[in-house]
Amino acid sequence: MLAWTIYISFLGVLVLMLLPKGNASAARWVALLTAVAGFLIALAGIVAQLQKPLELRAQIETVTHIAWIPSLGIELHLAADGISLTLVLLTGIAAVVGILFSWNIEHRAKEFFAFYLALIGGVYGVFLSFDLFLLFVFYELAIIPKYFLIAIWGSTRKEYGAMKLALYSFVGSAMVLIGIVAAFVVAGSKTMSLLELAKYPFPEHFQYWAFPLVFVGFAILAGLWPFHTWAPTGHVAAPTAASMLLAGVVMKLGAYGCLRVAMTLFPLGLVAWRNEVALLAVIGIVYGAMVALVQKDFKFVIGYSSVSHMGFVLLGLVTLNEIGLSGAVLQMFSHGIIAGLLFAVVGRMVYDRTHTRELSALEGMNLAKAMPFAAMTFVVASVASMGLPGFSGFVAELQVLIGAWQAFPTFAVLAGVGILVGVAYTLRVLQKAFFGEPANPLTPSLSPSKGERVADRPGEGQHEREPISIPERIGAVILIATSLVIGLYPRLLLDLIVPSFSSPLFEGLRKGGLF
Amino acid sequence: MSGVSYLEMLKLAIPETILVIAALAVLAVDLGIMRAEARQYRMILSALISCVGCAAAIFWMFTTEQHANFLNGSGMLVVDPLTQLVQQALLVLTVFTVLISIETNFTDHVGEYFALLLLATVGMMFLVSSENVLMIFVSLELTSLSLYILTAFNKQNVQSAEAALKYFLFGGMAAAFTLFGLSLLYGLTGEINLIQLAAKLKGTALDPLLVVAIVMTVIGFGFKIAAVPFHLWAPDAYQGAPTPSAAFIASGSKVASFFILAKVMMLGFTGAEGSGNWRHYESGWVPVLAILAAGSMLLGNLVAIVQSSVKRLLAYSAIAHAGYMLLGVMVHGEQGFASLLYYAATYGLTTIGAFGVVSVVQEKAGGDSLSDFAGLSRRAPLISFCMMIFMLSLAGIPPLAGFFGKFYLFTAAIGTDPKNLGLLWLVAFAIAMSAVSLYYYLQVLKQIYVVDAPSNAPAIRTPLSSKVALGLLALGVLVLGAAPNLVLERLLAAIKSVGY
């Protein structure tokens, strides 16, 4: 059943391609229905898993398992454990909400949604693949649509941002490819199955160079410092829905690859390199937050905050204790939701209506009064992003910090500093963008002053008064609700995630006494 | 030489004979009956005859699978499942070249054009089915001479003549080198059959004369496959030649040349392989090819980045791909051979497709520079989509044929010596270089999908024959990438039955 999340996305692409030209509204609905169907399938998968008793959840549920290229032992092996399910659910939610936030796209709408659904299909594929070859196929499949989404529908320096992102991703996946081809050959060129390869004892000297190669290859996409520079540029250049997907889902592909491939295949390499990785992750957390603090462009703030938040994921992964690892996965989910929300507010609600993202320009507009819904959403999103209790970010970051405290106390303290800086930049941007009073009384304000209707004011185009649309409201509510539900009752996901770490896949790590 | 059964020989050479008859028929029909008709009809009829010829040859091979070595194992004419498979691939490539030629208007000499195309194919087919240095040289020349003329075929265009002259001069040099290398081999051993030649060479140390022979042969074939530093003719020839001819040079002749290069190296120079492994270097032909491969990948990819003509871009990318394919030759084993042939065949399909799109754009928009492709996706959505598939396949993006080809090639290259990870250094370099290549392939796609067409851009009406051909090619690239087993199994079975 879960495999249909992939099939249906590509089916949607096919339908879109066959649609007659210029029918934007039909394209929208096709995309939305496809995404909703994918989401429902994911949800059904989760419900089915939750009904199983805890001890059975460690099993990896195979969905599809057929031979593909027998001469090389490559199989179409789709399966899921709790970690996959969590991320599949995230993809489902992000996909639906992203479409709601691109409801206004008229320019080449058909193509936009086709690339969008292709990207989603690729992402589902990565999360469900248990054959390395298949996983890599889907991983690469997600790169190309991203390029077009940004290059065609993006804004600021879109072609540069798109190319940079595509090349970074491709260099990362080239590194991964070298590593997995080498692993495949060393293990006897008979199977690409992740489960089989995870059992194979790779020689230590091999793991010593293969682990960093594969881990960093994936981590480039996760925004690991110092390979993160594609992320802010890419996010800023991307259209709203694409940056929601990029920060929300695509960066998770990288982190997921680190966990699923690099760590399970090369546990000895992990032991050798974990301090270095943790150091880079912590630098990412602090550096991302510091840089976010001084940005002038609203979207860059969110872009750098993503780098910082993804640092927590990578830090959590290398803590190698159950609480840190599950915190990392939870943080992937949580950041996916919250970053999506932040980008939605900045890109769609604010930028599309004010046509600026300069914080100094926004400061004079007093958006809190002009757009109360956007302001309210952003307040909630930033509260969630800062990691206040009650939201998913809090649980996730807390777990990572506890895990990190056990593994590397110094780094945990530094990561804590990152959280503090996070509060600072979030409050700064909140104040500047939404609650800033016009410094100069002559600066026109968007909110009507006494006795004046906005419509009377000259030079204000129609778009400024375009109210926050229904799809946007629905999308925002979905994301807020998700973050709240997980924040208040994290067991919903933790009960899926934690048992996964006792699956045979993590045998190598457990055997090494790593957790 | 008594007791030669000419009837048997004719039977073995029936596919080639069919093609020769088809070539003659094209000439007769076009110069005889159709002479006064409009060019369009002459094109269609000639193309039809050529396609029928190719199809008949393929059909014949399908129905009569043979395994024979004519003239008591002299290697003059070897027919086995593997050569038949490669010949079928060549014929398929010819058919597609014919299809993309139909709607072009670079020549009035319709019959001659198609006849030469078929004759070049005959040359390639003989090349594939010979294990004898004499026969190899003769068929190489038949192929090359036809290709030189095909390059010069656009008489209105000075560039075409210049390209042909360059191609001819370099090709002649290459032929001289090949001949010199092969004659040294004959001098060393007194044999012209590759297998017997290898048997005589076996056990002898790598003496200087053999080294010279190897180097000369490699130089000769290096020209044919356009590997660095023997690539200089390629960009000019590709750019100047009529686009379908360029497509044919880049696809068919590549497949045949690589096949015979691999065969000469694997059969003729067994025992002189040496090793190109990291820190396990031993002299022989493998390290020689390793240097050529690395050079081709580096130069091809880097120079392609700065090209503004799409044909030149494809030429440099072809040089880079020759570098990747050399990896397959270096592996010299069952897996290596299979991966090489899979790569070469799918690369041929992709390249014809890419040139097909260029051909349409060149005919309708008047040029092949990157800016002529601006906004193509709005003007001709179908062929734009096909071009996307071709470019991404060349860049090695899954699930397209180019990706699986690379993957298979690379695993084979590392797998030669799993303990020391074989040619991993070269594979890592190749993968890094293909990351570079994504940049320039995306440049083409950026023009097509991202940039808007200039307001005065002429409309592009894609001819039906091109639509069909390009659609089929794109589908083929997709299917072969997603289900490589379709070809791979037959290929492996054929190689096993011959025994490498």
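## Regarding the overall build of chain A
Scanning chain A from terminus to terminus reveals 23 helices and two strands. The C-alpha atoms of chain A give 22 Å as radius of gyration, which agrees with the globular expectation for 515 residues (24 Å, within 12%). Dimensions of chain A, computed from the C-alpha atoms along their principal axes, are close to 80 × 55 × 45 Å. Relative to all contacts within chain A whose residues are 6 or more apart in sequence, the contacts with residues 24 or more apart total 81%. Accessible surface, chain A: about 17,000 Å² in total, of which carbon and sulfur atoms supply 68%.

## What about the side chain of Lys146(A)?
All names here are of chain A. Tracing the backbone shows Lys146 in helix α6 (residues 143-153). No salt bridge forms around the buried Lys146; measuring N to O, its nearest opposite-charge neighbour Glu140 is 9.0 Å away. Discounting residues that sit within four places of it in the chain, Lys146 has contacts with Leu119, Leu165, Ser169, Leu221, Leu246 and Val250.

## Side note on the pattern of salt bridges
Counted by the stated rule, this structure contains 16 salt bridges over all chains. Note that Arg348(A) and Glu472(A) form a salt bridge whose closest N and O atoms lie 3.0 Å from each other. Here Arg348(A) is found in helix α14 (residues 322-354), whereas its partner Glu472(A) is found in helix α21 (residues 470-488), with 124 residues between them in sequence. Accessibility assignment for this pair places Arg348(A) and Glu472(A) in one class, buried. Residues Lys496(B) and Glu334(B) are paired through a salt bridge, measuring 3.8 Å at the closest nitrogen-oxygen approach. On the criterion of sequence distance, the pair formed by Lys496(B) in helix α21 (residues 485-498) and Glu334(B) in helix α15 (residues 334-365) is long-range, its members being 162 residues apart.

## Section: the packing of aromatic side chains
Ring pairs (aromatic) are described by centroid distance and by the angle formed between their planes. Tallying each qualifying case throughout the model produces 48 aromatic pairs over all chains. Ring geometry for Phe136(A) and Phe403(B): centres 5.7 Å apart, planes at 20°, overall stacked. One end of the pair, Phe136(A), is in helix α5 (residues 132-141); the other, Phe403(B), is in helix α18 (residues 401-415), on a second chain. The residues Phe136(A) and Phe403(B) share a single accessibility class, namely buried. Members of the aromatic cluster, each reached through a chain of ring pairs, are Trp68(A), Phe133(A), Phe136(A), Phe184(A), Tyr342(B), Phe403(B), Phe404(B), Phe407(B) and Tyr408(B).

## Comments concerning unusual backbone geometry
For residues that are not glycine, phi is negative in most cases, and the peptide bond is trans in most cases. Going from Trp225(A) to Pro226(A), the amide bond is cis rather than trans, its omega being 0°. Take Pro226(A): it is sitting in the loop between α9 (204-222) and α10 (230-237). Following Pro398(B), the chain continues into Pro399(B) via a peptide bond in cis, with omega recorded as 0°. Take Pro399(B): it is sitting in the loop between α17 (381-395) and α18. Look at Leu320(A): it is not a glycine, yet its phi comes out positive at around 60°. If you trace the backbone, Leu320(A) turns up in the loop between α13 (298-319) and α14. Judged by its relative accessible area of 2%, Leu320(A) is buried.

## Overview of the interface of chain A and chain B
At the junction of the two partners, chain A supplies 38 residues and chain B supplies 40 residues. Considering only the surface of chain A that becomes buried against chain B, Arg108(A), Ile144(A) and Phe170(A) emerge as the three largest contributors, covering 16% of it. Where chain A touches chain B, the interface holds two salt bridges. Ionic pairing is found between Glu111(A) and Arg378(B), a salt bridge with its closest N-O pair at 2.8 Å. For the pair chain A and chain B, the number of links is five residue pairs in polar contact (both at pLDDT 80 or more). Listed by contribution, the elements that provide at least two residues to the side of chain A that touches chain B are β1 (61-69), α4 (109-128), α5, α6, α7 (158-186) and α9 of chain A. Top contributing element to the side of chain A that touches chain B by residue count: α7(A), with 14 residues. Its residues placed into classes, the side of chain A that touches chain B shows 32 nonpolar, one polar and five charged.

## Some words on the confidence of the model for chain B
In low-pLDDT segments, the atomic positions of the prediction should not be examined closely. Taken as a whole, chain B shows an average pLDDT of 88; of its residues, 98% reach a score of 70 or greater. Here the prediction assigns the complex a pTM of 0.91, and the interface score ipTM is 0.88.

## Some thoughts on the confidence of the model for chain A
Chain-level pLDDT for chain A is 85 on average; 94% of the residues reach the 70-or-more range. Low confidence marks residues 447-464 of chain A, where pLDDT is under 50. Its contacts with residues over four positions away, or in another chain, come to 20 contacts.

## A word on the pairing of β1(A)
Summarising the sheet, β1(A) and strand β2 (residues 74-80) of chain A pair through seven bridges and their orientation is antiparallel. Bridge pairing in β2(A) places Ile66(A) opposite Leu76(A).

## Description of the side chain of Thr426(A)
Of note, Thr426(A) is situated in helix α19 (residues 409-435). Contacts of Thr426(A), omitting those with residues within four sequence positions, involve Ser382(A) and Met386(A).

## Comments concerning the nonpolar core
Counting residues in hydrophobic clusters, the biggest one holds 394 residues, and the most contacted among them are Phe434(A) and Leu326(B). The biggest single contributor to this core is helix α11 (residues 240-265) of chain A, with 18 residues. Beyond its immediate sequence surroundings of up to four residues, Phe434(A) is in contact with Phe298(A), Val345(A), Val350(A), Asn366(A), Leu367(A), Ala368(A), Ala374(A), Ala375(A), Phe378(A) and Val429(A). Formed by six residues, the second largest nonpolar core is a distinct cluster that contains Ala68(B), Phe70(B), Leu77(B) and Val79(B).

## With respect to the pairing of β2(A)
For β2(A), the tally of buried residues reaches five of seven residues, placing the bulk of the element in the interior. A loop of four residues connects β1(A) with β2(A), the two strands running antiparallel in sequence, and Gly73(A) in this loop sits at a positive phi of about 70°.

## So, a nonpolar patch on the surface
Residues and elements named next belong to chain B. Together, Leu464, Val468, Leu472, Leu475, Leu478, Val479 and Leu486 make up an exposed nonpolar region whose accessible area comes to about 640 Å². For the nonpolar patch, the element with the highest residue contribution is helix α20 (residues 464-482), accounting for six residues. In this structure, Leu478 sits in helix α20. Accessibility expressed as a relative area gives 35% for Leu478, which makes it partly exposed.

## Re the environment of Tyr441(B)
Considering the arrangement of structural elements, one finds Tyr441(B) in helix α19 (residues 424-450). Beyond its immediate chain neighbours, meaning those up to four positions away, Tyr441(B) contacts Ser317(B), His321(B), Met391(B), Leu394(B) and Ala395(B).

## Some words on the packing of helix α8 (residues 158-189) of chain B against helix α10 (residues 208-225) of chain B
Residues and elements named next belong to chain B. Relative orientation of the contacting elements α8 and α10 amounts to 150°, with a least axis distance of 7 Å. Between α8 and α10, the crossing angle belongs to the class labelled roughly antiparallel. Crossing of α8 against α10: the hand is left-handed. When α8 is examined against α10, the residues Phe170, Ala174, Phe177, Thr178, Phe180, Gly181, Leu182, Leu184, Leu185 and Leu188 are found in contact with a partner set consisting of Leu209, Leu210, Val212, Ala213, Met216, Thr217, Ile219, Gly220, Phe221 and Phe223. Residue composition of the contact of α8 with α10, grouped by class: 16 nonpolar, four polar and no charged.

## Digging into the packing of α17(B) against α19(B)
All names here are of chain B. Packing of α17 against α19 brings their axes to within 9 Å, and their N-to-C directions diverge by 170°. On the basis of their axis angle, the class for α17 and α19 is roughly antiparallel. Two secondary-structure elements touch here, α17 through Ser384, Phe385, Met387, Met388, Met391, Leu392, Leu394 and Ala395 and α19 through Ser434, Ser437, Leu438, Tyr441, Val444, Leu445, Ile448 and Tyr449. The residue inventory of the contact of α17 with α19, partitioned by class, reads 13 nonpolar, three polar and no charged.

About the cut-offs
- Residues numbered from 1 in each chain as written.
- Chains lettered and ligands numbered in written order.
- Predicted model: local features only at pLDDT ≥ 70, side-chain atom pairs only at ≥ 80, totals over all residues.
- Heavy atoms only, no water.
- Helix = DSSP H or I, 4+ residues; strand = E, 2+ residues; numbered from the N terminus.
- Rg over C-alpha atoms; globule rule 2.2 N^0.38 Å.
- Contact = heavy atoms within 4.5 Å.
- Areas by Shrake-Rupley, 256 points an atom, 1.4 Å probe, with all protein chains shown as cover.
- Buried < 20%, exposed > 50% of the residue type's maximum accessible area, 1.4 Å probe, protein only.
- Lys, Arg positive; Asp, Glu negative; His and termini not counted.
- Salt bridge = Lys/Arg side-chain N within 4 Å of Asp/Glu carboxyl O.
- Phe/Tyr/Trp six-rings, centres within 6.5 Å; stacked < 30°, edge-to-face > 60°.
- Buried area = accessible area lost by both parts, 1.4 Å probe.
- Polar contact = N/O pair within 3.5 Å; in protein donor to acceptor, adjacent residues only side chain to side chain.
- Nonpolar A, V, L, I, M, F, W, Y, C, P; charged D, E, K, R; others polar.
- pLDDT = per-residue confidence, 0-100.
- Pairing = 2+ DSSP bridges.
- Core = buried A, V, L, I, M, F, W, Y, C linked by side-chain atoms within 4.5 Å.
- Patch = residues over 30% accessible without salt bridge, like charges linked within 9 Å, V, L, I, M, F, W, Y side chains within 5 Å.
- Axes fitted to C-alpha atoms, helices over the stretch in contact; angles between N-to-C directions.
- Parallel < 35°, antiparallel > 145°, perpendicular 65-115°, else oblique.
- Left-handed = near helix turned anticlockwise from the far one by under 90°.

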